[in-house]
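Coordinate inspection notes
Chain by chain, the residues:
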Amino acid sequence: VYDIGGFEREIRDAHRADPSARFALVGFSAGTLAVRAAANRLVRDGVPVAMVGYIGGDYLTDTAYTRPPGAVVVNVTGDGFLLTGRNLLWNGTDVAGAANVRLDRVAHFDLPEHPRTRAALLTGLAEVSGWLPSGPDVAPVQHAPAAVGR
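Being a predicted model, the structure only gives us computed values, none of them experimental.

Focus: the packing of helix 1 (residues 4-17) against helix 2 (residues 31-44)
Orientation of helix 1 relative to helix 2, taken along the N-to-C sense of each, is 30 degrees, at an axis distance of 11 Å. As the angle between them shows, helix 1 and helix 2 are arranged roughly parallel. Read as a crossing pair, helix 1 and helix 2 show a hand that is right-handed. Across the interface between the two elements, Ile4, Glu8, Ile11 and Arg12 of helix 1 pack against Ala34, Ala38, Arg41 and Leu42 of helix 2. Considering only residue class, the contact of helix 1 with helix 2 consists of five nonpolar, no polar and three charged.

A closer look at the pairing of strand 3 (residues 72-77)
The buried fraction of strand 3 amounts to six of the six residues, a majority that puts the element mostly inside the structure. Side chains Val72, Val74 and Val76 of strand 3 all project onto a buried face; the interleaved residues Val73, Asn75 and Thr77 project onto the opposite face, where all are buried too. Bridge count for strand 3 against strand 4 (residues 99-102) is four bridges, and the pairing is parallel. Directly across from Thr77, in strand 4, lies its bridge partner Arg102.

Some details on the confidence of the model for the protein
Caution applies to low-pLDDT parts of the model: their predicted coordinates are not meant to be read in detail. On average, residues of the protein score 85 in pLDDT, and 78% of them are at 70 or above. Note on residues 145-150: pLDDT is under 50 here. Beyond four places in sequence and across chains, it has seven contacts.

Observations regarding the pattern of salt bridges
Should the charged atoms of two oppositely charged side chains come close, the side chains can pair. Counting across every chain of the model gives six salt bridges. The residue Arg41 makes a salt bridge to Glu8 at a minimum N-O spacing of 2.5 Å. One end of the pair, Arg41, is in helix 2; the other, Glu8, is in helix 1, and 33 residues separate them in sequence. When its relative accessible area of 28% is taken as the criterion, Arg41 is described as partly exposed. Owing to a relative accessible area of 8%, Glu8 belongs among the buried residues under this scheme. Put simply, Asp45 and Arg12 hold a salt bridge, and the shortest N to O gap is 3.0 Å.

Considerations on the side chain of Asp62
Checked against the element boundaries, Asp62 lands in the loop between strand 2 (49-55) and strand 3. At a separation of 2.4 Å, a polar atom in the side chain of Asp62 contacts the side chain of Arg67. Polar contacts involving the side chain of Asp62 include one to the main-chain amide nitrogen of Ala96, which spans 3.0 Å.

Rules and cut-offs
- Residues numbered from 1 in each chain as written.
- Predicted model: local features only at pLDDT ≥ 70, side-chain atom pairs only at ≥ 80, totals over all residues.
- Heavy atoms only, no water.
- Axes fitted to C-alpha atoms, helices over the stretch in contact; angles between N-to-C directions.
- Helix = DSSP H or I, 4+ residues; strand = E, 2+ residues; numbered from the N terminus.
- Parallel < 35°, antiparallel > 145°, perpendicular 65-115°, else oblique.
- Left-handed = near helix turned anticlockwise from the far one by under 90°.
- Contact = heavy atoms within 4.5 Å.
- Nonpolar A, V, L, I, M, F, W, Y, C, P; charged D, E, K, R; others polar.
- Buried < 20%, exposed > 50% of the residue type's maximum accessible area, 1.4 Å probe, protein only.
- Pairing = 2+ DSSP bridges.
- pLDDT = per-residue confidence, 0-100.
- Salt bridge = Lys/Arg side-chain N within 4 Å of Asp/Glu carboxyl O.
- Polar contact = N/O pair within 3.5 Å; in protein donor to acceptor, adjacent residues only side chain to side chain.

Structure follows, in structure tokens:
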């Protein structure tokens, strides 16, 4: 989880220097929880978060807090972390309104390097930037319909 506070300070400094800048935050494993909290704090304070990427967020739940206002959410899940029961207990959940990508039979620690993970993140970044990616790793990502009443 490196230094999420340090990253937040840098993002806030960049926003002060360029108020039109938008930001993307990506977290892996336990880092998804830190990124989710940081994204919500930044949005609450008026810093635009364009995209949040969750990779292997086994403990995330489908709540409004997992969907920061105004942010595109990319959520990549696979087999759960071995030490917490692999797929028995926790292996992530789909997030309403997100680009959910489930990679069956892909180990937790292999998720960040998987081509479909890269494709999903690139597609999310393309969506928020207006850039059209191309190449063998890029495939369309389907967004789930947003849940009503959540």
